[in-house]
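# Per-entry structural report
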Amino acid sequence: MRIGLMVGSDRERARADRLPGLIADAVAAESVGFATFWMPQVPGYLDAMTAVALIGQATERIEIGTAVVPIQTRHPMIMAQQALTTQIACGGRFTLGIGPSHHWIVNGQLGLDYAHPASLIDDYLDVLSASFAGPGTVDVENGSYQVHSPVDVTDTYQVPILLSALGPTMLRLAGQRTAGTVLWMADERAIRDHVVPRITEAATSAGRSAPRIVTGVPVALCSNDEADVARGYASEVLGHADFSPNYVRLLQHGDARDVGDTMAAGDESAILARLRRYRDAGATDLAARIVPLGRDATQRTASRRRTREFLSSLCPAL
């Protein structure tokens with residue numbers, strides 16, 4: 001299991017410091033040996049792909065990915081142009097994570113249609129796959145898109161796609177049509193019994209190589225006595241599962257009831273034991289979301305540093 005970091009919105013940084021701070025975080029992650037660096041598209045925050053392109057210019061070796069960009073906000077041709085351009089900026093180290101997001105974002109915040117997200121993803125992948133095949137003309141007509149458009153960005157790089165796949169239909173599409181999946185709120189049992197069998201069977205039937213299973217896991221290094229408090233805090237700051245029916249259905253396949261229950265928290269031995277369980281369940285990549293603990297910014301900064309240093313000692317793979 002390759003070890004990487006997943007970042008999110010950093011509200012403790014001043015707005016002017018957020019982008020340079022994010023780039024500095026990625027440079028630091030590369031310098032201590034992390035294999036990957038994942039950036040989500042957080043509503044109202046920094047644009048993930050723009051940030052990834054800038055990170056690509058500041059780093060040399062680390063894989064950089066989005067986890068994930070909602071598809072409804074970008075026409076697939078525009079997504080393809082931006083992704084190919086970002087791949088150039090990253091020198092071939094960019095992985096595009098996409099997904100249908102959630103109704104409370106797409107419909108509630110943006111006022112866009114959230115009907116039939118799996119069908120939309122299927123149609124969307126038709127356009128992306130054709131766009132990433134190389135320079136030329138993309139001619140795709142399906143239930144969602146009628147595209148007849150040139151692509152002339154690069155003939156050097158392609159763009160691997162990972163799909164945010166939580167349910168059976170999405171896992172089938174991820175296995176059949178992409179390089180794998182990016183997960184959040186999936187515990188070990190959900191990965192072992194729900195995700196791995198479905199996505200692997202789909203990939204095998206499509207003649208594709210074994211899929212990547214990139215697993216987002218909150219992590220906090222603390223005393224074992226503080227672990228339960230850390231899990232409760234993670235559920236509070238990282239979003240409640242009951243906001244999103246997609247997550248509720250995923251949780252039903254495992255033992256977790258909210259994001260904090262998926263957390264690796266406690267001392268070094270406790271964290272290592274849980275990460276090994278994720279690996280043994282079938283996760284191919286860890287995207288560790290560090291959750292800093294403490295009463296003030298100084299304590300939280302120290303907590304983040306301790307957790308990052310421990311995780312880096314496990315790099316590049318567990």
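Residues numbered from 1 in each chain as written. Predicted model: local features only at pLDDT ≥ 70, side-chain atom pairs only at ≥ 80, totals over all residues. Heavy atoms only, no water.

Taking an unreviewed UniProt entry as the reference, the protein chain is identified by name as F420-dependent oxidoreductase, family belonging to Mycobacterium triplex.

## Focus: the overall build of the protein chain
Broken down by element type, the protein chain carries 11 helices and 12 strands. For the protein chain, the spread of C-alpha atoms along the three principal axes comes to 60 × 40 × 40 Å. Counting across all 318 residues of the protein chain, residues that qualify as buried make up 54%. Across the protein chain, every contact between residues at least 6 apart in sequence was considered, and the portion connecting residues at least 24 apart equals 74%. When the accessible surface of the protein chain is split by element, carbon and sulfur atoms take 50% of a total near 13700 Å². (Helix = DSSP H or I, 4+ residues; strand = E, 2+ residues; numbered from the N terminus. Buried < 20%, exposed > 50% of the residue type's maximum accessible area, 1.4 Å probe, protein only. Contact = heavy atoms within 4.5 Å. Areas by Shrake-Rupley, 256 points an atom, 1.4 Å probe, with all protein chains shown as cover.)

## Let's talk about the layout of surface pockets
Its boundaries defined by the atoms lining it, the second largest pocket holds a volume of some 230 Å³. Forming the walls of the second largest pocket are Leu221, Cys222, Glu226, Val229, Ala230, Tyr233, Pro292, Leu293, Gly294, Gln299, Ser303 and Arg306. When contributions to the lining of the second largest pocket are tallied by element, the ones reaching two or more residues are α8 (227-237) and α11 (297-312). Here the residues of the lining of the second largest pocket are counted per class, giving seven nonpolar, three polar and two charged. (1 Å grid on protein atoms, 1.4 Å probe; cavity = no way out; pocket = protein on both sides within 12 Å on 5 of 7 lines; lining within 4 Å. Points joined across faces, edges and corners; volume = space filled by probe spheres on them. Nonpolar A, V, L, I, M, F, W, Y, C, P; charged D, E, K, R; others polar.)

## Let's talk about the packing of aromatic side chains
The description of an aromatic ring pair uses the distance of the two centres, along with the angle that the planes make with each other. In total, this model carries one aromatic pair according to the counting rule given. Centroid distance Tyr124 to Tyr145: 6.0 Å. Interplanar angle 75°. Geometry classified as edge-to-face. Placement of Tyr124 in helix α5 (residues 117-131) and of Tyr145 in the loop between β6 (136-141) and β7 (146-151) is noted, with a sequence separation of 21 residues between them. Tyr145 matches Tyr124 in its accessibility class, with the two residues each being buried. (Phe/Tyr/Trp six-rings, centres within 6.5 Å; stacked < 30°, edge-to-face > 60°.)

## Here we look at the packing of helix α6 (residues 168-177) against helix α7 (residues 188-205)
Contact geometry for α6 and α7: axes closest at 7 Å, N-to-C directions at 40°. When the axes of α6 and α7 are compared, the pair comes out oblique. Considering the relative orientation of α6 and α7, their crossing is right-handed. Within the contact between the two elements, α6 uses Pro168, Leu171, Arg172, Ala174, Gly175 and Gln176 and α7 uses His194, Val195, Arg198, Ile199, Ala202, Ala203 and Ser205. Partitioned by chemical class, the residues of the contact of α6 with α7 number seven nonpolar, four polar and two charged. (Axes fitted to C-alpha atoms, helices over the stretch in contact; angles between N-to-C directions. Parallel < 35°, antiparallel > 145°, perpendicular 65-115°, else oblique. Left-handed = near helix turned anticlockwise from the far one by under 90°.)

## Points about the pairing of strand β9 (residues 180-184)
With five of five residues buried, β9 is to be regarded as a mostly interior element. Note that strand β8 (residues 161-163) and β9 share two bridges and pair parallel. Bridge pairing in β9 places Leu162 opposite Gly180. Once the chain exits β9 it traverses α7 before rejoining the sheet at strand β10 (residues 212-221), and the crossover so formed is right-handed. (Pairing = 2+ DSSP bridges. Right-handed = clockwise from strand over helix to strand, strands pointing away.)

## A short note on helix α3 (residues 76-89)
Compared with the 20 Å implied by 1.5 Å per residue over 14 residues, the 20 Å span of α3 between its first and last C-alpha is a close match. Within the span of α3, buried status applies to Pro76, Met77, Met79, Ala80, Ala83, Leu84, Thr86, Gln87 and Ala89. As for α3, its buried residues are in contact with α2 (48-58), β4 (69-70), β5 (94-99), α5, β6 and β7. Once α3 ends, the next one or two residues include Gly91, with phi positive near 60°. (Expected span 1.5 Å × (residues − 1).)

## Some thoughts on the state of the cysteines
According to the stated counting rule, one finds zero disulfides in the structure shown. Counting only cysteine sulfurs, Cys315 is the nearest neighbor of Cys222, a cysteine outside any disulfide, at a range of 20 Å. (Disulfide = S-S within 2.5 Å.)

## Overview of empty space enclosed by the protein
The tally for this structure, following the rule as stated, stands at one cavity of 30 Å³ or more. One number sums up the size of the largest cavity: a volume of about 30 Å³. Leu84, Ser131, Phe132, Ala133, Gly134, Pro135, Val151, Thr154 and Tyr157 are the residues that line the largest cavity. Looking at the lining of the largest cavity residue by residue, the classes come out as six nonpolar, three polar and no charged.

## Focus: the pattern of salt bridges
This structure, assessed with the given rule, holds 17 salt bridges. Of the charged contacts in the structure, one is a salt bridge between Glu63 and Arg2, with a shortest N-O distance of 3.0 Å. With Glu63 in strand β3 (residues 63-66) and Arg2 in strand β1 (residues 2-6), this residue pair connects regions lying 61 residues apart in the sequence. The salt bridge involving Asp285 is made with Arg2; its shortest N-O contact spans 3.2 Å. With Asp285 in strand β12 (residues 285-290) and Arg2 in strand β1, the pair connects residues that are 283 residues apart, well separated along the chain. We classify Asp285 as buried; its relative accessible area is 2%. (Salt bridge = Lys/Arg side-chain N within 4 Å of Asp/Glu carboxyl O.)

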